[in-house]
Amino acid sequence: MRLTLSSSPFTPSAFVFRCRLTRSRSLRCVLDLFRTAAAEHLHKRLGIPVETAFSGVDLGRLKNDFTVAVPRFRLKGKNPELVAKVVDNFEPTELIERVTSEGVFIHFFARTTTLTRLVLDQINELSKPTETRPHGAYGSNASGVGKKLVIEFSSPNIAKPFHAGHLRSTIIGTFLANLFEASGWDVTRFNYLGDWGKQFGLLAVGFEKYGSEEALEKNAIMHLFNVYVAVNKDAKAEEEAGGPEETNEKAKAVFRKMEDGDEETLALWLRFRDLSIKAYEQVYARLNVRFDVYSGESQVESNRIRAAIETLQEKNLVTTKTKNESRPDWDKRRAEMKEAGAEAEAQKLTEDVAEVKLEDNVNLALAIDLNEWKLGKPVRYEKYAFDKMIYVIGDQQDMHVAQFFKILSLMKVPFADRLEHVNFGRVNGMSTRRGEVKFLDEILDTSKEAMMAQMKSNEEKFRLVEDPEETSDQIGMTCVKIQDMQSKRIISYNFDPARMTSWDGDTGAYLQYAHVRLCSIERKVAHQVVLRADPSQINVDLLTEPKAREIVYLLATYPDVVRAAFKAYEPSTIVSYCFKLSHLISSAWETLIVMNQEQEVAQARLYLYRCARDVLSSAMRLLSLTPLERM
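Values in this document were obtained by computation on a predicted structure and should not be read as measured data.

Before going further, it helps to examine the side chain of Thr501. Secondary-structure assignment places Thr501 in the loop between α20 (497-500) and α21 (508-524). Discounting chain neighbours no more than four positions away, the residues touching Thr501 are Ser447, Ala450, Met451 and Cys479.

Turning our eyes to something else, we now look at unusual backbone geometry. Even without being a glycine, Lys412 presents a positive backbone phi close to 60°. Counting through the fold element by element, Lys412 comes out in the loop between α16 (398-410) and β12 (419-422). The backbone of Ser624 sits at a positive phi, close to 70°, despite the residue not being glycine. Following the sequence through the fold, Ser624 ends up in the segment after α25 (599-622). Overall, the relative accessible area of 5% leaves Ser624 in the buried class.

Turning our eyes to something else, we now look at the sheet that holds strand β11 (residues 388-392). Spatially, the 5 strands line up as an open sheet ordered β7-β6-β5-β11-β12, and their pairing is parallel. The two strands at the open ends of the sheet, each matched to only one other strand, are β7 (293-296) and β12. On average, each strand axis in the sheet is inclined to that of its neighbour by 25°, with strand direction left out of account. Relative to β7, strand β6 (residues 186-193) is paired through 4 bridges, and the arrangement is parallel. Of the residues in β7, the one forming a bridge with Phe190 is Val293.

Attention shifts here to helix α9 (residues 220-241). Along its 22 residues, α9 runs 32 Å from first to last C-alpha, staying within 8% of the 32 Å computed at 1.5 Å per residue. Every buried residue of α9 is accounted for by Ala220, Ile221, His223, Leu224, Phe225, Val227, Tyr228, Val231, Asp234 and Ala235. In the core, the buried residues of α9 are packed alongside α7 (198-210), α8 (213-218), α10 (246-260) and α11 (263-286). Looking one or two places after α9, you find Gly242, whose phi comes out positive at around 80°.

Here we take up the sheet that holds strand β3 (residues 96-102). Taken in spatial order, the 4 strands make up an open sheet running β1-β2-β4-β3, and their pairing is antiparallel. Lying at the two open borders of the sheet, with one neighbouring strand each, are β1 (58-59) and β3. As paired elements, β1 and strand β2 (residues 66-69) share 2 bridges and run antiparallel to each other. Across the sheet, residue Asp58 finds its bridge partner in β2, namely Thr67.

Cut-offs used in this document
- By convention here, each chain's residues receive numbers from 1 onward along its written sequence.
- Confidence filtering applies because this is a predicted model: local features only for residues at pLDDT of at least 70, side-chain atom pairs given and counted only at 80 or more, and all residues used for totals across whole chains, interfaces and linings.
- With hydrogens and water stripped out, all remaining heavy atoms of the structure feed into the side-chain values.
- Note on conventions: DSSP H or I runs of at least 4 residues are helices, E runs of at least 2 residues are strands, and numbering of each starts at the N terminus.
- Only heavy atoms enter the contact rule, under which two residues are in contact if any of them lie within 4.5 Å.
- Buried, partly exposed and exposed residues are distinguished by accessible area as a fraction of the type maximum, computed with a 1.4 Å probe on protein chains only: under 20%, between the cut-offs, and over 50%, respectively.
- Two strands are counted as paired when DSSP detects at least two bridges linking them.
- Lines fitted to C-alpha atoms define the axes, with helix axes restricted to the stretch in contact, and inter-axis angles between N-to-C directions lie between 0 and 180 degrees.
- Helix span is expected to be 1.5 Å times the residue number reduced by one.

Here is the structure:
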């Protein structure tokens, strides 16, 4: 890759900044070289530091490469005069070709031949596999080198199938882990299982009554789920009948045995836990998801729970005031209940519970359940010494997580300011309280079948697909993920199987098709054109069409898109880029033709398409998708 600096004169401070930038960022983002050239011109004409000018050079819109809003610098003088000083005194360089203005905005335009050469060569070089980055490094950066992230996501409950309710946490968590790794962070992926509590006692009671070793061997997770549903139905029936609740009492007794360390009971629990993790790992593998650590509520040591409670007591954060007593209108409500003769009911509502009392005089009713996860999690800092820990949890738990973070802050733990909650909206239409649960395997199978049917509709192409089962599964999985990540993560959406598996519009199937078509171009023209071993020797100056220039610029923005996604923790930023690039390439097929063209022109265009393929592939992998070469 050849990175050429401008030959135009610049000041010593600009030289230092450019050298520092070249070492730190520009090798991963060519556009930063052009930004620097623009910043140097602003520095020379307006007298502002190069660093300040650089921060004000934004990616342009509406055919402008870079845009600067002069008022943001808060300079003395009238804005029109400042703009004129920059535009009228500009001399073209090898990086910046021309400068124009529009009101208080200054637009810089990169020299097309330089931009094309640098961008395509950088993509070609950084897309090569390395030991640490088997799929290349284009779009990545080193901003997080030396920093550690622990990210917790997915977190299903043992002995229950992986249903769609866990889907968003799993998909978004995986994306964020990939994104932090692309930014140089050392990432530990944590799956904190719901593997402890009375619900296991209920499952053990149910297995004794409804369990089948044969069914357990055949499909452990579904059998355990069916057992749980059956025994839970029994428990609810007993509760509604108003008689002895034998099932719940037995479940409590089993759980007490677990807490007391009964070997036989713990052996059964461990068996169910191991079977559940094995089933989850199969689903995760299908989703291109991996974890470094499987932990759970069972790993919370009782001595640490006691230590946490003692700390709360020492800091005067625990009181016996109840949740109802903490309500701002409690005195009024109690008085009204007394007047209505409901003294006994009012008294019942003030039974003792543990509550955290905030120092800002806002009482926070948060009962301390010793089996809850929150008091066990601080141990992670001692082991991982993280710079940041992210919890990927739905927005239904916003208050719960905020309370957890506030408690840790009041406890003055050293890592309280390193915790972040990344939330997301709901997926509507996946399940109901009536038990109509849509399991993820079922959803993925439905998508796979729809994709297989579409593939078979073209017999000629279908015969060329080496593994139709795997291919249709990957397309189906892409459809599921793209529907989930297409909108901003905080937005809830309606699960729509028909829309999800459609080939029309911006869907996962279309995205895979766009990548496959880019892969196919080299196969189709192989009898006429074979890309040179050293593409940097290809004459890219022949890419004179406006559409080619548009593609080059969009490819160049990918590192900036990754940085923008990192700043907002937003997968939809990458999804939008994928579709924008796919549409742009689709619009170029009729004008940037490779077949039957003069050899040098064909080489240049094929090189452009190769780079576009590599960038689209990189973006898809960031989204945890597997780019296909045939379908």
